[in-house]
Amino acid sequence: MEELRTDCLVVGAGPAGLTAARLLALKGRTVVVADSGAAPTTRLELLAPASLVTVAALGLEHLLDDPAIARGCLGIRRTRRSGELDYEDFLRHPCRVGHVVDRARFDARLREEAVAAGVTFWGLRAIGVTPDRGVICRASDSATTKFVRAEIVVDATGRAGAIARRLGARVAARDRMVAELVEDAAVDATADSALWLDYRSDGPTWSYRIRGPRGRVQTWRIRASGTPAGDALRSEDASACVLSEAAGEGWIAVGDAAMAFDPIASQGLFNALSSALVATGALLSADRLSATAARLYSDAVTTTFLHSEAGRISVYNTMPLSPALQPSGNSAK
């Protein structure tokens, strides 16, 4: 088995992994991204005004200025089951506007930024982890197996948490939800004015209609896992979940690997960017990630998750108030 070495191995090439890789490379680390070659994410996602401070701290404001990537969002209009309508007006926030982001184009530009910072990409898919945190990978274009050894391994594998779970972390789920895409169309390719994200409650399910760059419109229906599925173009996991430990000796999880939310109108993209920023700060504060730093990061992830879920419950009243989390086991998918 061929052995490869690098300072930092980032497993996963989504926004969290790309952001962490870029930040580490900008600080002089040798960084490799293990990119499995998964199909790009094609969702439209909301970046609320509160996320823009993080975007600025990452030096990525210029991406939101590109009309092919982002479109202004004035706020969220909610139509409740009773027919009552209320507004979350972004003009009341200091940043005054949000953005609807085309993930495929946004992620492509993040990749370009990472390459410009000196990040190297290898076509590898992680299939195992040794007790000393060496990562066993399979080449994307062949059956060749490679062994990658790194000082730091960043788990950016999304909800799978493939590295963290193989190192003993458990996933605790607050709910089991499914997001079904029921509309994906280009309504007006020349449209660029800021619009609202529309939320509607239909009892056991709810839906979002989100309008993005170049007139693209998506409607997503959210339902509990196990309830009857409707007609849909495709479906995605929308469960809220968090790792029991989001970091340990020589490894750290970012983005959906650390904690995950409803990806459409919650904190999916914001979580990817902000967790990558915090995680790289912890990694760069010392030569090695100490046990104390790992625990502080894990505690911060859990606290952020519970705070976010409490806010979601208070606004949408779709979940039980009990903060107890139900463990879903520690087997890796």
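Look up: the structure comes first, before these words.
Residues numbered from 1 in each chain as written. Predicted model: local features only at pLDDT ≥ 70, side-chain atom pairs only at ≥ 80, totals over all residues. Heavy atoms only, no water.

A. Highlighting the overall build of the chain. When you go through the chain residue by residue, the secondary structure sums to seven helices and 21 strands. Relative to the compact-globule value of 20 Å for 333 residues, the chain shows a C-alpha radius of gyration of 20 Å, a close match. With the C-alpha coordinates of the chain rotated into their principal frame, the extents come out at 60 × 40 × 40 Å. Considering the chain as a whole, with its 333 residues, one finds that 50% of them fall into the buried category. The contacts in the chain between residues at least 6 apart in sequence include a share of 73% that link residues at least 24 apart. Carbon and sulfur atoms form 52% of the exposed surface of the chain, whose accessible area is close to 14600 Å². The average position of the 39 basic charges and that of the 38 acidic charges among the side chains of the chain differ by 3 Å. (Helix = DSSP H or I, 4+ residues; strand = E, 2+ residues; numbered from the N terminus. Rg over C-alpha atoms; globule rule 2.2 N^0.38 Å. Buried < 20%, exposed > 50% of the residue type's maximum accessible area, 1.4 Å probe, protein only. Contact = heavy atoms within 4.5 Å. Areas by Shrake-Rupley, 256 points an atom, 1.4 Å probe, with all protein chains shown as cover. Lys, Arg positive; Asp, Glu negative; His and termini not counted. Charge placed at Lys NZ, Arg CZ, Asp CG, Glu CD.)

B. Representation of the packing of aromatic side chains. All chains considered together, the criterion is met by three aromatic pairs. The interplanar angle of 70 degrees and the centroid separation of 5.3 Å between the aromatic rings of Tyr87 and Trp196 together place this pair among those described as edge-to-face. Placement of Tyr87 in strand β5 (residues 85-89) and of Trp196 in strand β13 (residues 195-201) is noted, with a sequence separation of 109 residues between them. Taking relative accessible area as the criterion, Trp196 reaches 18% and is therefore assigned buried. (Phe/Tyr/Trp six-rings, centres within 6.5 Å; stacked < 30°, edge-to-face > 60°.)

C. Main features of the environment of Val115. Structurally, Val115 is set in helix α4 (residues 103-117). Sequence-wise, Val115 and Glu45 are 70 residues apart; in three dimensions their C-alpha atoms are separated by 24 Å.

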